[in-house]
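Given next are the chains, with one letter for each unit.
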Amino acid sequence: MYNMKILLMSDTHGELDAARKILDRHADADLKIHLGDVGFPLQEISECSIVKGNHDRTHRLPKKLRFTIEKRSVICLHGDIFDDETVQEVLAMKHVASDEIMEVCMRTLYGKLAAYAKRKGCDTLFFGHTHHQCFTEVDGVILINPGSVCYGTPQSGYALLEVHGQELQAALLPVENC
């Protein structure tokens, strides 16, 4: 039995119907978070806590949210804060084969996000931006990206989390026929 159920979505980029289907399917979630790049009027997903993405034009959204869930200290952000730094670092790696660049970029980004979370005193970070689902641990920090609802790589999706005290379980779920 879980103590709390959390729905994460990100990078909807205007796909309101798909977002609504997910929200309606998981209406029982205790907490619903959109990690930026909404693309439609915010009141359409008023049940969500939302962070600002790099394509969101409103100034009403926070760039990050921070809270405690059970015994976990969580920070939420879109995930674009290290774009330039990550790209420059990977481009400077002369030995990286072209078919490995995306994987190296992700590993580099995950390391930067984990270090950022630690500097902020958090052990968990939820983020979007890359359109790539992940549930991983880096240097003691849990990183979760639900992917993009309709524009994911390699698949579109969202995440459903269950919190059991300090333990966090995440299901990275696909979105079909978006």
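The written sequence of each chain sets the order in which its residues are numbered from 1. Note on the predicted model: pLDDT of at least 70 is required for a residue's local features to be given, and 80 or more for side-chain atom pairs to be given and counted; whole-chain, interface and lining totals, by contrast, use all residues. Calculated side-chain values reflect all of the structure's heavy atoms, with hydrogen atoms and water omitted.

Strands are labelled as partners when DSSP assigns at least two bridges between them. Each helix is a run of DSSP H or I of at least 4 residues and each strand a run of E of at least 2, with the numbering of both proceeding from the N terminus. One open sheet accounts for five strands, arranged 4-5-6-8-7; its pairing is mixed. Here the strands that pair on one side only, and so sit at the sheet edges, are strand 4 (64-69) and strand 7 (134-138). Between one strand axis and the next, the sheet turns by 20° as a mean value, whatever way the strands run. Examined bridge by bridge, strand 7 and strand 8 (residues 141-145) share five bridges and lie antiparallel to one another. Within the sheet, the bridge partner assigned to T136 lies in strand 8 and is L143. What counts as an axis is a line fitted to C-alpha atoms, over the stretch in contact for a helix, and the angles between N-to-C directions run from 0 to 180 degrees.

So, about the sheet that holds strand 1 (residues 4-9). Spatially, the five strands line up as an open sheet ordered 3-2-1-9-10, and their pairing is mixed. Edge positions in the sheet fall to strand 3 (49-50) and strand 10 (167-174), since each of these pairs with one other strand and no more. Pairing of strand 9 (residues 157-164) with strand 10 involves eight bridges; the strand directions are antiparallel. Opposite E162, over in strand 10, you have Q169 as the bridge partner. The contact rule is simple, with two residues in contact once any of their heavy atoms fall within 4.5 Å. Sheet strands touched by helix 1 (residues 16-25): strand 1, strand 2 (31-34) and strand 9. Its angle to strand 1, the strand with the most contacts, is close to 175°.

Think of a nonpolar core as a cluster: buried Ala, Val, Leu, Ile, Met, Phe, Trp, Tyr and Cys residues, connected wherever their side-chain atoms sit within 4.5 Å. Throughout, exposure labels follow a simple rule: accessible area from a 1.4 Å probe, protein chains only, divided by the maximum for the residue type, with under 20% read as buried, over 50% as exposed, and the rest as partly exposed. One finds L7, M9, I22, I45, I50 and V149 to be the most contacted residues of the largest nonpolar core, which totals 19 residues. When residues of this core are traced back to their parent elements, those giving at least two are strand 1, helix 1 and strand 9. A total of four residues in this core trace back to one element, the largest contributor, which is helix 1. Ignoring anything within four residues of it in the chain, the contact list for L7 reads I22, L23, H26, A29, L31, K32, I33, Y158, A159 and L160.

Our next topic: the state of the cysteines. A covalent bond between the sulfur atoms of two cysteines is referred to as a disulfide. In this description, a disulfide is simply a cysteine sulfur pair whose atoms lie within 2.5 Å. If you walk through the whole model with that rule in mind, you get one disulfide. Looking at C105, it has no disulfide partner, and the nearest cysteine sulfur is the one in C134, 14 Å off.

Here we come to the side chain of H78. Secondary-structure assignment places H78 in the loop between strand 5 (72-77) and helix 2 (83-91). A distance of 2.7 Å separates a polar atom in the side chain of H78 from the backbone oxygen of L35. Here D37 takes part through its side chain, which lies 3.2 Å from a polar atom of the side chain of H78. Identification of polar contacts relies on pairs of N or O atoms within 3.5 Å, with a donor-acceptor requirement for protein atoms, meaning one able to donate a hydrogen and the other able to accept it, and with residues adjacent in sequence counted only if both atoms are side-chain atoms.

Here the focus is unusual backbone geometry. Between T153 and P154 the backbone carries a cis peptide bond, its omega angle lying at 0°. Along the polypeptide, P154 turns up in the loop between strand 8 and strand 9. If you check the backbone angles, H13 has positive phi at about 45° while not being a glycine. With respect to the element layout, H13 can be found in the loop between strand 1 and helix 1. Residues other than glycine seldom take positive phi values, yet D139 does so here, at roughly 55°. Summarising the element assignment, D139 is placed in the loop between strand 7 and strand 8. Its relative accessible area of 58% is what places D139 among the exposed residues.

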